Each structure stands twice: as C-alpha cells, then as structure tokens.
Amino acid sequence: QVQLVESGGGLVQSGGSLSLSCVASGRVSSITRMGWYRQAPEKQRESIATIDAVSGATTYSDSVKGRFTVSRDSAGNTLYLQMSALKPEDTAVYYCNVLTVTFGTYSYWGQGTQVTVSS
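The following paragraphs examine the structure supplied in this document. None of these values were measured; they are calculated from a predicted model.

## Concerning the pattern of salt bridges
And step 1. Applying the stated criterion across every chain yields a total of three salt bridges.
And step 2. Here Glu 46 and Arg 38 are joined by a salt bridge, their closest N and O atoms 3.0 Å apart.
And step 3. With a closest N to O distance of 2.8 Å, Asp 90 and Arg 67 form a salt bridge. Of this pair, Asp 90 sits in the loop between strand E8 (78-83) and strand E9 (92-101) while Arg 67 is found in the loop between strand E6 (58-60) and strand E7 (68-73), placing the two residues 23 residues apart along the sequence.
And step 4. Its relative accessible area of 1% is what places Asp 90 among the buried residues.
And step 5. Where salt bridges share partners, they join Arg 38, Glu 46, Arg 67 and Asp 90 into one cluster.

Right, here's the structure in full:
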C-alpha cells in the first residue's frame, strides 16, 4: 500500500555531513509515523529517529541525539534525515520505515541505503 524510495547515501569523511531522503507513495494518507533505522555489520537493526505524522513529535536514539535531525515535507510526502558530525561508528545501512493505520497497524520498509564514514 505504501512504497518508499530512498536516496542520499554515500561515502563521507569523519566530521562531515550527509542528508538522506525517503519519498513515500501509495496510501500515504494513512501514514501515522515515519522514521529511520540503521544496521551495522554483525549488529542488530536499531531505531535512530522517528517523527509522528500528526503531532510532529520526534524521537532520537542516544547515539545520534544532537547530531541528526529528522523532518518531513507533508506536501511532498518526503522524510529527511540530516546528519552532521558523522563518525565512523555511524557506518551502516540506513532504512526508511513508515507505519500506517488501516483497520490495523502495518509497517513498510525501504530497500536501505549505505552510509560509510571514513576516518
């Protein structure tokens, strides 16, 4: 019901900045929450930032708080993740995720985009 297209991943130097985008299409009117996850090699996938579609309230993991900013463009149905002061520890595959409510809760994932931070 919802399709997600991500962009913006790449290779950056430690201390640099990078911005990720996720465009949602389909049944976007039912989206209640959007967010970003990441998964590093040999590690569990973790939630790093979310934004509530109704209230605009955001959450961040301790590892990215103060360095990453999540936002959304309601008109364009686009989710953003602005990353700054990047560290090698931020290297991971980053995934866009949305939750929808249509007589139940459903979760949708993007394909993932690789972010690599070099020293």
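This is not the end of the story, as more comes after the structure.
## Some points on the state of the cysteines
And step 1. Applying the stated criterion to the full structure yields one disulfide.
And step 2. A sulfur-sulfur distance of 2.1 Å marks the disulfide that ties Cys 22 to Cys 96. Residues Cys 22 and Cys 96 are joined by a disulfide whose S-S torsion is about -80°; by sign, that bridge is left-handed. Of the two residues, Cys 22 is situated in strand E3 (residues 18-26) and Cys 96 in strand E9; the sequence distance between them amounts to 74 residues. Each member of the pair Cys 22 and Cys 96 is classed as buried.

## Here's the deal with the pairing of E9
And step 1. Most of E9 is tucked away, with eight of its ten residues classed as buried.
And step 2. Across eight bridges, the pairing between strand E4 (residues 31-39) and E9 is antiparallel. Opposite Arg 33, over in E9, you have Leu 99 as the bridge partner.
And step 3. In this sheet, strand E10 (residues 105-109) lies alongside E9 in antiparallel orientation, the contact comprising five bridges. Among the inter-strand pairings, Val 101 is bridged to a residue of E10, identified as Thr 105.

## Brief notes about the sheet that holds E7
And step 1. As summarised here, the arrangement of the four strands in space is E1-E3-E8-E7, forming an open sheet in which the pairing is antiparallel. Where the open sheet ends on each side, the last strands, each with one partner, are strand E1 (2-7) and E7. Each neighbouring strand pair of the sheet contributes to a mean axis angle of 15°, computed without reference to strand direction.
And step 2. The pairing of E3 with E8 spans six bridges and is classified as antiparallel. The partner of Leu 20 across the bridge, within E8, is Leu 81.

Rules behind the numbers
- Residues numbered from 1 in each chain as written.
- Predicted model: local features only at pLDDT ≥ 70, side-chain atom pairs only at ≥ 80, totals over all residues.
- Heavy atoms only, no water.
- Salt bridge = Lys/Arg side-chain N within 4 Å of Asp/Glu carboxyl O.
- Helix = DSSP H or I, 4+ residues; strand = E, 2+ residues; numbered from the N terminus.
- Buried < 20%, exposed > 50% of the residue type's maximum accessible area, 1.4 Å probe, protein only.
- Disulfide = S-S within 2.5 Å.
- Pairing = 2+ DSSP bridges.
- Axes fitted to C-alpha atoms, helices over the stretch in contact; angles between N-to-C directions.

Purely geometric stuff here, so don't read any function into it on its own.
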